[in-house]
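Inside the fold
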Amino acid sequence: MKKTLNLIILFFTALQLYAQSPVKGTITVRVLNEQQQALESVTATLLRSKDSSLVKTAITDRNGVAEFVNIAAGNYFIKTSLLNHQPFLSASVTVTETQTTVAAPDIILKPAAKELKTIEVSAKKPFIQKLTDRIVVNVENSVVNAGSSAFDVLERSPGILIDNNDNISMRGRAGVIIMIDGKPSPMSGADLVNYLRSLPSNAIERIDLITNPSSKYDAAGNSGIIDIRLKKDQRYGTNGSITAGYGQGVYPKANSGINFNHRNKKLNLFGGYNYAYRMNLNHLILDRNFFENGNFSGKDIKDNYTKIPLNLHTFRLGADWYLSKKTIAGVVVNSNYNLVQPRNANSSVVINNNYEPIFTFNTNTNNRNKNFNTVANFNIKHVFDSTGRQLTADIDYGQFGIDNYSSVATNYKKLDGSVLQPDYILDGYQDGKLRLATAKADYTHPLQKQATIEAGIKTSFVHTDNDARFFDMSTGVPKDDVNKTNHFFYDENINAAYVNFKKQYKKVDFQLGLRAENTRVKTRQVKGNVLWDSAYTQLFPSAFFNYHLKEDQTLGLSVSRRIDRPNYSQLNPFLFLIDVTTYGTGNPSLLPQFTWSYELSYTVKNINITFGYSHTNRNQNIVITRFKDVFPNIPADDNVTVQIPVNLSSSDYYGVTIAAPVKINKWWNMMNNVNVFYNHFNGNLAGTTLDNGRAVADIRTNQTFTFKKGWTAELNGNYNTGGQYGFMVTRPQWGVGAGVQKNIWKGKGQVRFNVTDIFWTNLPRATITYNNYIEKWRAYRETRVANLSFTYRFGNNKVQQARRRTTGSEEERQRAQ
């Protein structure tokens, strides 16, 4: 009772203090370089000295001056940051009731000694940041993204495109590697999408979009890496945050979570639990047209309405032990349990070659999909001396499982509503297990004259066991469907080693790297006892050059070779029924694709322009083809299709990306991103020759507004012209979102409200064309959602930087299902 009474007194005292109107002051500061020249567009943040909490953010003008107005009496620090410069933290600056106008001492920024690898600024950062080697989406500081999911945030991120099958591409290129905290996600395919849709944005600090990784990273991923960084408190004492949110689109969504951190000089213990419930909608309209020898032979029109309730429980627990001043050991365990129960109602009208409807069929599908996984990581870091010579090592072990049940019931009707033929009912059970174990070590050795050499090794083992059983329940008595029941085993071992050399001169810095990977794969399909055994060794060079024309102008060039191995689910030959005329399957003979990527970039002040080109051999692409062309021994009607991943001959990518931050005035800033690219594909499928492409423009802008008394607002918009992706051509789409935020309780509390895709226009449409088949589709999703969220931060606020680290299972966890 005593504790409760104290909390109540503190609560009302805080409200009373908040309601008062103390004297406000102004702080100005000038930022210069070492030559005493004014620096424009420097990000300056005002932090309270007692807890380093953010008060305000400003950007210097052409005279190098940043101004903070309406500042309450107290002690503050000023933190500054600028690309290619070392961050700076000022001495304490004081505003009193008698001295309300304060001019802080000039800040001199020095050039950065080396390229930043991570973003570790505690003050508020813009929603979109363009760094030398990546684009950073600061989810934590976005008003519009509050209450959303990780999937929603990715859809609104620059250069990210998601098609009707939820395939994620970056700058028009598929094969993206998705990581969580530097580790690959534990799922792929539909399971990965469900996880991203269930992961609340309030659990995310930032998302790194890395388009051209160095040899230090796994060679997988021709279009780059999407690294989702979850929040981790970095302060001494016990502290954390509690969040809750509610969203309403067509259907409701809710999320809640708690994250904690306890830290002293010897131990850092952290963890958290997040729960998300989301009822999602996917309303897909398809118009499928069939041809024989160029003549129209029939069509069907499908109306698929799917409600997807998701329940996700995510757990995270870890610890770092500071064994000595030079050695840190850590362990972290990530686990989640995901229950997805999609319910689909499919209405189809079948039309003959005279464009006359002849009959209808309706399919109702009920699923219960359980996904559960746990991955443990042990890591150690030892610094040998003050020069930066260090060794890091990681060991990962993970287990993933799926337990899926599906029931698909189809009834056939004549046009007058009478029964055409008996109902068809198919029940399916799928059990899947995956084990992975990885180990890696990385060594960094600084040399003289600003040179560094890096080297590392890695080994990984993956085993999967997928068992699918299907039964025809049409008569009420289970009958094994031998054409669909299957059992598939997959074993993989990858061994890798790399070396990187970095060198920095006064105006030039470069990095050269080489990675070697040996892959051994064995598969066994129980049905027919089909075996597959392959092994290959490949080299993956990389090179990065930067030439600093002037202090605020940099010219960069990079080149690298990458590989995209098929996801484990893409190799699985199981035949899945979507409806009686649509199937999906994997391809055990699907080969990895190889890509050479080139980038030329120019940075002037805060504006970055990047030109890119890449050439991919054996391009992987999901295609739709007639069922009988893939499974000639299984009887099927002419209008039955199957989705299957295949290798095309090649593809070429040409692109230019522009990132341009603009300061309108003290309270209005904008970040603009323009991505224009052209994809050209070459290949042949079922008699259809592919040798064409189309240009795409993707334009995004994010506006932020800072007002008095803790109010901020955000307005963003995007427009995509549509383009070509293999055999598919997409249509234009656009969207607008807005939100407001209010800080309360001296910055401890935060209330956010936003509406995404206000006009419900950011909806995908496309046409897929083959010689004997043309499909037109459009999807209605819940891109328009109103979200209300609340965050409360508790505990001590003495800032002390904690380390960030990656683990050894980066590629394997991305490909796992």
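Here we summarise the structure given alongside this text. Keep in mind the model is a prediction, meaning the values are calculated, not measured.

How each quantity is defined
- Residues numbered from 1 in each chain as written.
- Predicted model: local features only at pLDDT ≥ 70, side-chain atom pairs only at ≥ 80, totals over all residues.
- Heavy atoms only, no water.
- Helix = DSSP H or I, 4+ residues; strand = E, 2+ residues; numbered from the N terminus.
- Contact = heavy atoms within 4.5 Å.
- Pairing = 2+ DSSP bridges.
- Axes fitted to C-alpha atoms, helices over the stretch in contact; angles between N-to-C directions.
- Patch = residues over 30% accessible without salt bridge, like charges linked within 9 Å, V, L, I, M, F, W, Y side chains within 5 Å.
- Areas by Shrake-Rupley, 256 points an atom, 1.4 Å probe, with all protein chains shown as cover.
- Salt bridge = Lys/Arg side-chain N within 4 Å of Asp/Glu carboxyl O.
- Buried < 20%, exposed > 50% of the residue type's maximum accessible area, 1.4 Å probe, protein only.

1. Describing the side chain of S90
By the element assignment, S90 lies in the loop between β6 (88–89) and β7 (93–95). Residues in contact with S90, not counting those within four places in the same chain, are F77, I78 and I107.

2. Some thoughts on the pairing of strand β5 (residues 74–81)
When strand β2 (residues 43–48) meets β5, the two strands line up antiparallel, connected through 6 bridges. From the neighbouring strand, L47 faces β5, where its bridge partner is F77. By the bridge criterion, 3 bridges tie β5 to β7 in an arrangement that is antiparallel. Its bridge partner lying in β7, G74 is registered against V95. Sheet topology places β5 next to β6; 2 bridges connect them, and they run antiparallel.

3. Overview of the sheet that holds strand β37 (residues 620–626)
Strand order in the open sheet formed by 4 strands is β33-β34-β38-β37, and the pairing between neighbours is mixed. Each edge of the sheet is formed by a strand with only one pairing partner; in this case those strands are β33 (575–579) and β37. Recorded for the sheet is a direction-independent mean angle of 30 degrees between the axes of neighbouring strands. Where β33 meets strand β34 (residues 582–585), 4 bridges bridge the pair, whose relative direction is antiparallel. Within the sheet, the bridge partner assigned to L575 lies in β34 and is T585.

4. Some thoughts on a nonpolar patch on the surface
Together, L512, F545, Y547, L549, L555, L557, L600 and F611 give the surface a local cluster of nonpolar side chains, amounting to about 670 Å² of exposed area. For the nonpolar patch, the elements supplying multiple residues, two or more each, are β31 (530–550) and β32 (553–564). At 3 residues, β31 tops the list of elements feeding residues into the nonpolar patch. Considering the arrangement of structural elements, one finds L549 in strand β31. Since its relative accessible area comes to 31%, L549 is described here as partly exposed.

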